[in-house]
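Read off the chains here:
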Amino acid sequence: MSQEIRHRIQELSEEIREHQFKYYVLDKPSISDAQFDLLLRELTELEEKNPIYKLADSPTEQVGGGFATDFQQYDHIEKMMSLDNVFDESELENWFDRIEKTDTGNTWLCEVKVDGLAINLLYENGKLIRALTRGNGVTGEEVTLNIKTIAAIPHELSGKNLPTRLEVRGEVFFPLQAFNDFNDALEEEGKARFANPRNAAAGSLRQKDPKVTASRPLSMVVHGIGVCEGVTFSDQAGAYAQLKVWGLPTSSRVRVVKSRTEVLDFIHYYLKHRHDVEHEIDGIVIKVNEFPIQETLGFTSRAPKWAIAFKYPPEEVTTKLLDIRVSVGRTGRVTPFAFMVPVKVAGSTVTNATLHNNEEVIRKGILIGDTVVIRKAGDVIPEVLGAVISERDGTERAFVMPTHCPDCGSQLRAMNQGDVDIRCPNSQSCPAQLIERIYYIGSRAALDIDVLGFEAAAALLADKIVLDESDLFSLSKSDLSRSSFFVKKDGSLGANAEKFLMALEAAKHRPLWRILVALSIRHVGPTAAQSLAKYFGSIEAITAATSEELAAVSGVGEVIAAAVVDWFSVPWHQKIISKWAAAGVDLVDRAPVSEVPQTLAGLTLVVTGSLDGFTRDGVAEAIVAHGGKSSSSVSKKTDFVVVGDSPGSKAEKALELGVTVLTEAQFVALLQLGPVTPA
């Protein structure tokens, strides 16, 4: 049973990280917010009951995504926190009760929760110096030039008594009317529509060319501040008022109230009028208004204790289920999906909805021809909740899962005992898997190769320019001249051919972890890939590692290790590696952890307070890289407690237990020399 719990925690952690990557980096979430919240809740409950199996880098201790892209990264001066959520009034009452145990006598600030992209603006002496996305809360991606194209955001603050340094937090959003107009224009041009305003905002802000961002009517609303030097505020409402004086875009939908009843009135009003707002909202944020009380209440590792998000229930509509079809993914997974009469929900038109697997279709009792209830609350992929039984007329029919792959004819099967999913085993030559894998290599999730979208991948395969992904990095102008996708009407190569070849060359030098992700190894997402690349340092070393050696790496485990060993044991997979290496793809990363001096081997360290030379995540990585264990709590088994600025109670606990306390300088010396035994 314990191994099952451990495996479930590992599985949930990896699944949540994958969804975070899709949400924060790809802007293409594959599950709803409600489904994600359920996964996170399940993991939190398992960890609380089984703390021994909690991973050091558990998603429950992290904020958002934080995955690397081509944008330069910087640390926020103050960490950008997330928000805890409640989903009904009883949960909100419990939160109120916890807050009021301290007899705070506070007022509440209520504001609508904008469904956009979190951003952090840094002003120094009134001038906009840098704009960062939230990232992992500690480090974000710089998007300053793109932010400066947004009319609502001042490049320089106005007024007097400006702070010497100010971090402004807010949400970049795509106004609903502008979004609809923009989507209509895309459709007229024969281009794909954006799924929803949040995706449109995120995609627009992450353009490499600021001119593209400037052509999109983005806006922003402020919802908080980080560091603020030279000016003080007494409460949240006063801070918002002053930000508005300085020219920053604050919301007109903010209210300070004195009672729980007034908070609920605010929640009920916007639940009824949520579509009357110029931007999408997915709930209400309630904050303790007074800053001194906020400081007293403090924070958890990921969220303030003095604020909560009341999430509105997802919207539901009904439509006709015309058919249930299947798609084959890049790892061979065969997924049924609902094909429906188009229906508008949460601001976008929906025709397809995933059904996950055959067991899910059976469990929900869905028949082809049913009137079905679907839910989509600002999410990209809607969910089929079930059928409206009373609407049946007897013409409905059951879905029969195919026994053979619709693309290559191979017999479908579960790859492992107990698998709910069935897969096409013909991974080498199944057309559907080939096109999905090559398309995925070009995506932002993997190597981010310009031009290599779905149409380009299809053309490369259809014109037999590549037989599989092993040929990708050996392409030349001569090869591309054989495809109409890359050739103009006069027979000459188009601009996309040159752009594609340049992008391929650049992709050869991506970090090793991105190469691992691009190989489509089952279960290997960004987190596991980064752990493997960091520890082993090369594809050669990963290939030579045993399953036990792989599983011992933090963030990997037995399931992922077995998948890695299986993948590298396949001869045609080895052909991909050898052909990529011959084409100049970098398959070696920085020095593996095993080459870092293991000065902290066998030692457990706890860090409290902020350090000048390390971020919170960075100091933990340094400890692990040097062979030590980074712990969050002080006990008699702790060897050292490193104390920085503004330490918490852990420093006092160390003194009580007689644990050795180190300054930052002493910690750096320990990393270099290890414990020094007195002569």
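Residues numbered from 1 in each chain as written. Predicted model: local features only at pLDDT ≥ 70, side-chain atom pairs only at ≥ 80, totals over all residues. Heavy atoms only, no water.

Asker: I keep staring at the overall build of the chain and nothing clicks. Help me out?
Answerer: Scanning the chain from terminus to terminus reveals 24 helices and 20 strands. For the chain, whose C-alpha radius of gyration is 27 Å, the value lies close to the compact-globule estimate of 26 Å for 679 residues. Looking at the 679 residues of the chain, the share that counts as buried comes to 50%. Restricting to contacts in the chain with at least 6 residues of sequence separation, those with at least 24 account for 68%. Accessible area for the chain stands at about 31,400 Å²; split by element, carbon and sulfur atoms hold 51% of it. Between the mean site of the 72 positive side-chain charges and the mean site of the 91 negative ones, the chain shows a separation of 2 Å. (Helix = DSSP H or I, 4+ residues; strand = E, 2+ residues; numbered from the N terminus. Rg over C-alpha atoms; globule rule 2.2 N^0.38 Å. Buried < 20%, exposed > 50% of the residue type's maximum accessible area, 1.4 Å probe, protein only. Contact = heavy atoms within 4.5 Å. Areas by Shrake-Rupley, 256 points an atom, 1.4 Å probe, with all protein chains shown as cover. Lys, Arg positive; Asp, Glu negative; His and termini not counted. Charge placed at Lys NZ, Arg CZ, Asp CG, Glu CD.)

Asker: For this particular structure, what's the right way to read the pattern of salt bridges?
Answerer: Where charged atoms from two side chains of opposite charge come close, those side chains can pair. Under the definition given, this model contains 25 salt bridges. Between glutamate 383 and lysine 364 there is a salt bridge; the shortest N-O distance is 3.7 Å. Taken together, the residues span a long stretch of sequence, with glutamate 383 in strand β16 (residues 383–387) and lysine 364 in helix α11 (residues 358–364) at a distance of 19 residues. When sorted by exposure, glutamate 383 lands in the same class as lysine 364, which is buried. The network of salt bridges with common partners includes Glu93, Asp97, Glu100 and Arg260. (Salt bridge = Lys/Arg side-chain N within 4 Å of Asp/Glu carboxyl O.)

Asker: Help me understand the sheet that holds strand β18 (residues 629–631) in this model?
Answerer: As a general point, the strands of a sheet are linked pairwise by backbone hydrogen bonds and lie either parallel or antiparallel. Pairing within the open sheet is parallel, and its 4 strands lie in the order β18-β17-β19-β20. Two strands in the sheet have a free side with no partner beyond their single neighbour: β18 and β20 (660–662). Averaged over all neighbouring strand pairs, the angle between strand axes comes to 30°, with direction disregarded. As defined by bridge partners, strand β19 (residues 640–643) adjoins β20 across 3 bridges and the pair is classed as parallel. (Pairing = 2+ DSSP bridges. Axes fitted to C-alpha atoms, helices over the stretch in contact; angles between N-to-C directions.)

Asker: Could you clarify how one ought to interpret the packing of aromatic side chains in this entry?
Answerer: Both the distance between ring centres and the angle between the ring planes are used here to describe each pair of aromatic rings. If you walk through the whole model with that rule in mind, you get 16 aromatic pairs. Look at phenylalanine 174 and phenylalanine 179: their rings are 6.1 Å apart centre to centre, the planes differ by 75°, and that puts the pair in the edge-to-face class. Comparing phenylalanine 174 with phenylalanine 179 shows no difference in burial state: the two are buried. A connected cluster of aromatic rings, assembled from ring pairs, spans Trp95, Phe96 and Trp108. (Phe/Tyr/Trp six-rings, centres within 6.5 Å; stacked < 30°, edge-to-face > 60°.)

Asker: Which parts of the structure should I look at to understand the pairing of strand β15 (residues 371–375)?
Answerer: The side chains of a regular strand alternate, residue by residue, between the two faces of the sheet. Here β15 lies mainly inside the structure; 4 of its 5 residues are buried. Relative to β15, strand β12 (residues 316–328) runs antiparallel, the two sharing 5 bridges. When the sheet's bridge partners are listed, glutamate 316 is paired in β15 with arginine 375. Of the strand pairs in this sheet, β15 and β16 are connected by 4 bridges, and their pairing is antiparallel. Bridging across to β16, valine 372 finds its partner in alanine 387.

Asker: What's the story with the environment of glycine 491 in this structure? I'm lost.
Answerer: Topologically, glycine 491 is positioned in the loop between α14 (477–480) and α15 (495–507). Taking the relative accessible area as the measure of exposure, glycine 491 reaches 52% and is therefore exposed.

Asker: Looking at this structure, how should I read the side chain of histidine 76?
Answerer: Tracing the chain through its elements places histidine 76 in the loop between β1 (73–75) and β2 (85–86). One polar contact links histidine 76 to asparagine 120, side chain to side chain, over a distance of 3.0 Å. A distance of 3.3 Å separates a polar atom in the side chain of histidine 76 from the backbone oxygen of threonine 133. Excluding its chain neighbours within four sequence positions, the residues that come into contact with histidine 76 are Asn120, Leu132, Thr133, Arg134, Gly137, Val138, Thr139, Gly140, Glu167 and Arg169. (Polar contact = N/O pair within 3.5 Å; in protein donor to acceptor, adjacent residues only side chain to side chain.)

Asker: Could you clarify how one ought to interpret unusual backbone geometry in this entry?
Answerer: Across the chain, the bulk of peptide bonds are trans and the bulk of non-glycine residues have phi less than zero. A positive phi angle is found at histidine 356, which is not glycine, with a value near 70°. Considering the arrangement of structural elements, one finds histidine 356 in the loop between β14 (348–354) and α11.

Asker: How should I be thinking about the side chain of arginine 423 in this particular structure?
Answerer: Tracing the chain through its elements places arginine 423 in the loop between β16 and α12 (431–441). The exposure class assigned to arginine 423 is buried, which follows from its relative accessible area of 7%. In this structure the side chain of arginine 423 is engaged in a polar contact, spanning 3.0 Å, whose partner is the side chain of threonine 331. Apart from the residues within four sequence positions on either side, arginine 423 is in contact with Thr331, Gly332, Arg333, Val334, Leu412, Arg413, Met415 and Arg522.

Asker: Looking at this structure, how should I read the nonpolar core?
Answerer: Soluble, globular proteins show a tendency: their nonpolar side chains are buried together. Membership of the largest hydrophobic core comes to 59 residues, with the highest contact counts inside it found for Ile449, Leu460, Phe473, Leu475 and Phe500. Sorting the residues of this core by element identifies α12, α13 (454–462), α15, α16 (512–518), α17 (526–536), α18 (539–544), α20 (557–568) and α21 (571–582) as the ones contributing at least two each. The contacts of phenylalanine 473, once residues within four sequence positions are left out, are Leu447, Ile449, Leu504, Ala507, Lys508, Trp580, Ala583 and Val585. Formed by 35 residues, the second largest nonpolar core is a distinct cluster that contains Leu109, Ile150, Leu205 and Tyr240. (Core = buried A, V, L, I, M, F, W, Y, C linked by side-chain atoms within 4.5 Å.)

Asker: How should I be thinking about the sheet that holds strand β3 (residues 108–114) in this particular structure?
Answerer: Sheet architecture is open: 5 strands sit in the order β2-β11-β10-β3-β9, paired in mixed fashion. Unpaired on one side and paired on the other, β2 and β9 (254–257) mark the two borders of the sheet. The sheet contact formed by β3 and β9 spans 4 bridges and is antiparallel. Residue pairing in the sheet places tryptophan 108 in a bridge with valine 257 of β9. Together, β2, β3, β10 (281–288) and β11 (307–311) form the strand contacts of helix α3 (residues 89–100), whose direction differs from that of β11 by roughly 170°.

Asker: Would you take a moment to explain the pairing of strand β17 (residues 604–608) for this structure?
Answerer: With 4 of 5 residues buried, β17 is to be regarded as a mostly interior element. Note: β17 against β18, 3 bridges, orientation parallel. Across the sheet, residue leucine 605 finds its bridge partner in β18, namely serine 630. Strand direction decides the pairing type here: β17 and β19, joined by 4 bridges, are parallel. The residue of β19 that forms the bridge with leucine 605 is phenylalanine 640.

The quantities given are spatial measurements derived from coordinates; they are silent on function.
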